[in-house]
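Geometric and topological summary
Chain by chain, the residues:
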Amino acid sequence: DDDIFSRAFCENSEKLVDVHLFALAAKYYSLSNLGVCTPLEDVLEALKGDSEGAMGIKPDEFMNNKKSHEVQVMSELVDSIANYCGIKQVIDIGSGKGYLSSFLSMQYNLKVYGIDSSSSNTNGAHERNRKLKKHWRAYQSRGKETLKRQSLEMANDRPVENEINCKTINEELLNNANSLQNQDQVIIQDLVPSCGFTEMTTLKTSTETEADSVTGAQSHETKLSEEVLDIINALPVDAVEDFSSSHCNCGELCEEEKVQRKMTSLKTRARKSSESNLYFPLTSFITAETELNDIITDLEDCMMVGLHTCGDLAANTLRIFTAKPEIKAVCSVGCCYHLLSEQFENPEECRDQVWGFPMCQYLKDKGWCCGRNARMSACLALERVAVGQMLPTESLFYRAVLQVIIEEIYGVTKSDRHVGKTFSKSSSFIDYVRRSLKKLELDDSKLPDSCIMDYYEKYKHRMNELEAFNMLKVFLAPCIEVLILLDRLCYLKEQENIAWSGLVKLFDPVKSPRCYAVIALK
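Residues numbered from 1 in each chain as written. Predicted model: local features only at pLDDT ≥ 70, side-chain atom pairs only at ≥ 80, totals over all residues. Heavy atoms only, no water.

An unreviewed UniProt entry lists the protein under the name MET25 protein, from Loxia curvirostra.

**Side note on the overall build of the protein**
The following threshold applies: Secondary structure elements are taken from DSSP: a helix is a run of H or I of four residues or more, a strand is a run of E of two residues or more, and numbering for both begins at the N terminus. By definition, residues are in contact when any of their heavy atoms lie within 4.5 Å. The Shrake-Rupley method, run with a 1.4 Å probe, gives the accessible areas here. Residue values count only the displayed protein chains as cover.
Of the regular secondary structure elements, the protein holds 19 helices and 9 strands. Across the protein, contacts joining residues at least 24 apart in sequence account for 71% of those joining residues at least 6 apart. For the protein, the exposed surface amounts to about 28,100 Å²; the carbon and sulfur share of it is 50%.

**Here we look at the packing of helix H4 (residues 40–47) against helix H5 (residues 65–85)**
As a reminder of what qualifies: A fitted line through C-alpha atoms serves as each axis, taken over the contacting stretch for helices, and the angle formed by two N-to-C directions is quoted from 0 to 180°. With respect to orientation, any angle under 35 degrees is reported as roughly parallel, any angle over 145 as roughly antiparallel, any angle of 65 to 115 as roughly perpendicular, and every other angle as oblique. The crossing is said to be left-handed when, going from far helix to near helix, the turn is anticlockwise and less than a right angle, and right-handed when the turn is clockwise.
Look at H4 against H5: their axes get within 9 Å of each other, and the N-to-C directions meet at 30°. Relative to H5, H4 is oriented roughly parallel. Here H4 and H5 pass one another in a crossing that is left-handed. Across the interface between the two elements, Leu40, Val43, Leu44, Ala46 and Leu47 from H4 touch Val73, Glu76, Leu77, Ser80, Ile81 and Tyr84 from H5.

**Quick word on a nonpolar patch on the surface**
Cut-off, in case you're wondering: Think of a patch as exposed residues, more than 30% relative accessible area, with no salt bridge, where like charges cluster within 9 Å and nonpolar side chains (Val, Leu, Ile, Met, Phe, Trp, Tyr) cluster within 5 Å. Definition used for salt bridges: Asp or Glu carboxyl oxygen within 4 Å of a side-chain nitrogen of Lys or Arg. Summary of the burial criterion: residues with accessible area below 20% of their type's maximum are buried, those above 50% are exposed, and those between are partly exposed, where the area comes from a 1.4 Å probe applied to protein chains only.
Together, Tyr28, Tyr29, Leu34 and Val36 make up a nonpolar patch on the protein surface, roughly 320 Å² of accessible area in all. Along the chain, Tyr28 falls in helix H2 (residues 19–28). Here Tyr28 falls in the partly exposed class, since its relative accessible area comes to 42%.

**Notes on the pattern of salt bridges**
Under the definition given, this model contains 14 salt bridges. For the salt bridge of Arg417 with Glu441, the shortest nitrogen-to-oxygen distance reads 3.1 Å. Taken together, the residues span a long stretch of sequence, with Arg417 in the loop between helix H16 (393–410) and helix H17 (429–439) and Glu441 in the loop between H17 and helix H18 (449–460) at a distance of 24 residues. A relative accessible area of 56% means that Glu441 is categorised as exposed. Between Asp444 and Arg434 there is a salt bridge whose closest N-O contact spans 3.2 Å. Of the two residues, Asp444 is situated in the loop between H17 and H18 and Arg434 in helix H17; the sequence distance between them amounts to 10 residues. Its relative accessible area of 17% is what places Asp444 among the buried residues. By relative accessible area, which is 19% here, Arg434 ends up buried.

**A short note on unusual backbone geometry**
Across residues other than glycine, the phi torsion is negative in most instances, and most of the peptide bonds are trans. The peptide bond linking Phe357 to Pro358 adopts the cis configuration, its omega dihedral lying at -5°. Within the fold, Pro358 resides in the loop between strand S7 (327–335) and helix H13 (361–366). Positive phi values are uncommon outside glycine, yet His308 reaches one of about 60°. With respect to the helices, strands and loops of the structure, His308 is situated in strand S6 (residues 302–310). Relative accessible area serves as the criterion here: at 18%, His308 is assigned to the buried category. With a phi close to 60°, Glu441 is a non-glycine residue in the positive phi region.

**Here's the deal with the nonpolar core**
Using the following cut-off: Put simply, a nonpolar core is a bunch of buried Ala, Val, Leu, Ile, Met, Phe, Trp, Tyr and Cys residues held in one set by side-chain atoms that sit within 4.5 Å of each other.
Met74, Leu77, Met303 and Leu506 are the most contacted members of the largest nonpolar core, which has 71 residues in total. Each residue touching Leu506, except ones within four places of it in the same chain, is listed here: Leu40, Val73, Met74, Leu77, Val333, Cys515 and Ala517. Within the second largest apolar cluster, 21 residues are counted, among which are Leu402, Leu440, Cys451 and Tyr459.

Given below as structure tokens:
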């Protein structure tokens, strides 16, 4: 309980005295231990309907391993929610380069609007579509080869099938000889399942049945062909060239199959004419007050998604969801907690604006504040550290000593400028300091190399302390993330128009540390 865990700290000095107890307390209050998450399997089972399922497109062919994992898992869930709600339109907030958006449109035939504030990201999404065009040419080529191979295998197996079918039919004819005398034909149901027929089959003679067997094999070939066509038809128009069924060597088609193919073709053309594109990348800056109708002219009943929406965007996604009646569901995975705005962090700032934290009235009433250091810690990845992906201690040490130099030599304690990824570009600590000072627009000419190295030597022996301190921050990270995520869930629970809301662990935290989704249905 809380009394036991409080013993991790000295009652008088408030210093940490029991690291093991501190670690146990952090684990106890982590999201995985609190029992408030809904298992992904349970959510998918509850949403399960008459969906035909995915067609087996592999995103790892055009995404890295991390992004592929995220997109594949999240898109399956989004499709299940969309089917459950009976909607076909999806709005991807903070869509970036369109990884999730393009996959939702290709794999699940959903009409997706990807909105991002960066025009370079939107342009990048268009560029990815151009590259996908080449990918799908290769994909359809593989589809053709698979079709030919399976057709050949069927042709080799057909004599055996025909022999079995004829034997079965002859036995059936003998058993029904009396009833056949006064009839021109007999209808037998499911007599030849190996031919792929599920409907009633008309039987006249064994010769005609043999012909039917061949036609059934051709029907199977046609089905394989149409599976390839279905994949291509699901793509954005600008992502792939038209793929004609005449390209497939499927043999002669019977009249019934011709009608079915014609109907499929008409439906495809009708769909393409009504949806000239299934994925639309748009550039717009989203706030809690954003009117989606101003951005999307054909807004209809839809769901809103966000894969690693940054800072306040995750909170604003939930606010837009609760405010707009057209949005029937939301699935949001946030990130970059350090960029959240906090209502009670700087009391002198305006209180009337919309803040990223806290969202729920419960924490607002308590005036709760995390602070930037805690939010920075919430971004750390405990699971990665646990499997040996250690923290970048040297770069953190460089950054810490740099701050001492900036404060003592230049008298600067706060700056709006950022050092960024300078460490990876630097050949030494001296080079790192000089590059950083230029980025911060500070004059490095008054700082000789010897002075820079004096600072390095002064603090070098404390690098182990820095590593231990950062390990404690890593331990605490899940507890702070819990607070932010439960605040968002509590906000949804406070709304009257929400039928269900929950937290779901979507991703493998080693592959994708920000792995929890906030999900809600109206």
